[in-house]
Amino acid sequence: MRSRDVGLLGLGVLCAVAVSIGAGGCQPEGNTRPPGWSGGSGRTTGEGGSGAESASSGEGGRRGDEGAGATATTGSAGGGGTEDPPAARVATIEEITTGVVARDTVVELKGVVAMSQKFFIDDTRSGACLWGVFLSSPNLTETAANSGILAVSRSEASTDENGGVVCPSLENASAGDPFPDDVAPGDVLDIVGETTFFSSSSCSDACGDLDCNDESDPPETADTCRQDCGASPELVAQSAVGQYQVEWIKSVTRTGHVEAPKPHVLTAEEVMKLSSPTATEFFHAWGGVKVRLEGAFAPVLRTDSMGEEVVVGAYGNIHLEGGPVQVGDKIYYIGGAQSACYKGPIYSDVNVVFNRVDGFLYNNFCIWGLQPANKCTDIDPPSEDCVTDALMCP
């Protein structure tokens, strides 16, 4: 098991264990750095880089190690022939997230609304790059339970001189997946893909099976575990509750543009459920939905490598009192980016109080939290560089 700020090396051990027991979708948490991207696996407050903290609804489904561009099919070759792919069933997001449409069903979602830009999720051991876009049901003025879902598309990765997997940076390159690179909130889309459900059997509470005193554990993992288990165990609660998604995207057609629905304001009771590792019904209803945290929330301060109290943790996460609630930078962070829009948030005032956070409820490697799409407009007060640098982030 891993703590919140576990490094990529420690997570690789976990993923190897998860694969051996058939867990689907195990990936490095947070905004990862595939080989070939600049930047290290961690960072100090204010530096760009969301490393391994909380991972993604990533590979999804139960497809094991199929390569990029694999399409959903049924059956296998037999008698010299291959079965035709199943016809797509027209379905709604609500039907998927309430279980009316079974998992592993090829579906067509008509007129759904993009709620986020495209973002990098992870690369797979089969050499595919995974990309995500959050979607909403059509014809809404405000988001609602079971109205949102994460769509996961794939493109083929390249390799570096050492044979490492390299995925393009969305700051300056095309992803090569079915979603338009410039997909934006409010875009109306028709999508064909397959229903999947991301969950990991490796999730458990706190540091789980990781021995904080075992010198054989990877140093990054062991050090983080010692800090989190010894100083702030309330920040590392993890959940085995999975998340519905649509994956293996075959086609995306943009048909128009509308005003995206405003986020639902979470009640005090719903805010408390954000930090519950067993709130299955709540997470299944609100997973993938953009919601709003509104009020006055002080940060739960962390301790950096210099022993100083900080608002932003080592991997770009902020923890707010009231749960605590984890607020990440998974969607807008891009490893090695030049633009400050794609770097982690900066809050140097430890007495800051957050009035509002808009974000997607997302299972980022066993940790449910809010993922804003923009550090300048989805958070009040915004990241300090938004003000000092007059950033206009997409």
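Residues numbered from 1 in each chain as written. Predicted model: local features only at pLDDT ≥ 70, side-chain atom pairs only at ≥ 80, totals over all residues. Heavy atoms only, no water.

Draft legend 1. Quick peek at the overall build of the protein chain. Helices and strands together make up the secondary structure of the protein chain, namely six helices and 18 strands. Expressed as a percentage of its 394 residues, the buried residues of the protein chain come to 55%. Relative to all contacts within the protein chain whose residues are 6 or more apart in sequence, the contacts with residues 24 or more apart total 72%. (Helix = DSSP H or I, 4+ residues; strand = E, 2+ residues; numbered from the N terminus. Buried < 20%, exposed > 50% of the residue type's maximum accessible area, 1.4 Å probe, protein only. Contact = heavy atoms within 4.5 Å.)

Draft legend 2. Summary view of the nonpolar core. Residues L293, I318, L320, Y347, F354 and L361 are the most contacted members of the largest nonpolar core, which totals 27 residues. In terms of residues, this core owes the most to one element, helix α5 (residues 280-286), which gives four residues. Those residues in contact with L320 that sit more than four places away from it in its chain are L293, F297, A298, P299, V300, V325, V327, F354 and V357. Counting 21 residues, the second largest nonpolar core, distinct from the first, contains I149, L189, F197 and I249. (Core = buried A, V, L, I, M, F, W, Y, C linked by side-chain atoms within 4.5 Å.)

Draft legend 3. Representation of the state of the cysteines within the structure. Under the criterion given, the structure shown has three disulfides. With a sulfur-sulfur separation of 2.2 Å, C129 is cross-linked through a disulfide to C167. Here the S-S torsion is close to -100°, and the disulfide linking C129 with C167 is therefore left-handed. In this pair, C129 sits in strand β4 (residues 128-136) while C167 sits in the loop between β7 (165-166) and β8 (187-198), placing the two residues 38 residues apart along the sequence. Residue C376 pairs covalently with C386 via a disulfide, S to S 1.9 Å. When the S-S torsion is -80°, as for the bridge of C376 with C386, the disulfide is left-handed. With C376 in the loop between β17 (368-371) and β18 (379-380) and C386 in helix α6 (residues 384-388), the pair connects residues that are 10 residues apart, well separated along the chain. By relative accessible area, C386 is classed as buried at 8%. (Disulfide = S-S within 2.5 Å.)

Draft legend 4. Quick peek at the pairing of strand β2 (residues 106-114). Strand direction decides the pairing type here: strand β1 (residues 89-91) and β2, joined by three bridges, are parallel. When the bridges of β2 are listed, R89 appears paired with V107. In this structure, β2 lies alongside β8, joined through six bridges in antiparallel fashion. Bridge assignment links E108 to a residue of β8, and that residue is V192. With two bridges connecting them, β2 and β4 associate as antiparallel partners. Residue pairing across strands places V113 opposite S136, the latter belonging to β4. (Pairing = 2+ DSSP bridges.)

Draft legend 5. Molecular detail of the pattern of salt bridges. A full pass over the atoms with the stated rule returns 11 salt bridges. For R254, the salt bridge is made with D182, and the minimal N-O distance between the two is 3.0 Å. Remark: D182 occurs in the loop between β7 and β8 and R254 occurs in strand β9 (residues 243-257); sequence separation between them is 72 residues. Its relative accessible area of 36% is what places R254 among the partly exposed residues. Among the ionic pairs, E269 bridges to K273, the shortest N-O distance being 3.9 Å. Taken together, the residues span about one helical turn, with E269 and K273 both in helix α4 (residues 268-273) at a distance of four residues. Overall, the relative accessible area of 32% leaves K273 in the partly exposed class. One network of salt bridges, with partners in common, ties together K118, D177 and D181. (Salt bridge = Lys/Arg side-chain N within 4 Å of Asp/Glu carboxyl O.)

Draft legend 6. Representation of the packing of aromatic side chains in the model. In the structure shown here, the tally under the stated rule is nine aromatic pairs. Their ring planes at 15° and their centres at 5.7 Å tell us that F119 and F134 sit as a pair that is stacked. Of this pair, F119 sits in strand β3 (residues 119-123) while F134 is found in strand β4, placing the two residues 15 residues apart along the sequence. Side by side, F119 and F134 carry an identical accessibility label, which is buried. What links up through ring pairs into an aromatic cluster is the set F119, F134, F360 and Y362. A cation over an aromatic ring shows up here: R154 above the ring of W248, its NZ or CZ 3.9 Å from the ring centre. (Phe/Tyr/Trp six-rings, centres within 6.5 Å; stacked < 30°, edge-to-face > 60°. Lys NZ or Arg CZ within 6 Å of the ring centre and 35° of its normal.)

Draft legend 7. Local environment of unusual backbone geometry. Cis peptide bonds are those with omega within 30 degrees of zero, and the linkage from D380 to P381 qualifies with 0°. Along the chain, P381 falls in the loop between β18 and α6. Residues other than glycine seldom take positive phi values, yet D104 does so here, at roughly 65°. Relative to the helices and strands, D104 resides in the loop between α2 (93-97) and β2. With a relative accessible area of 47%, D104 lands in the partly exposed category.

Functional significance is not addressed by these values, which are geometric in nature.
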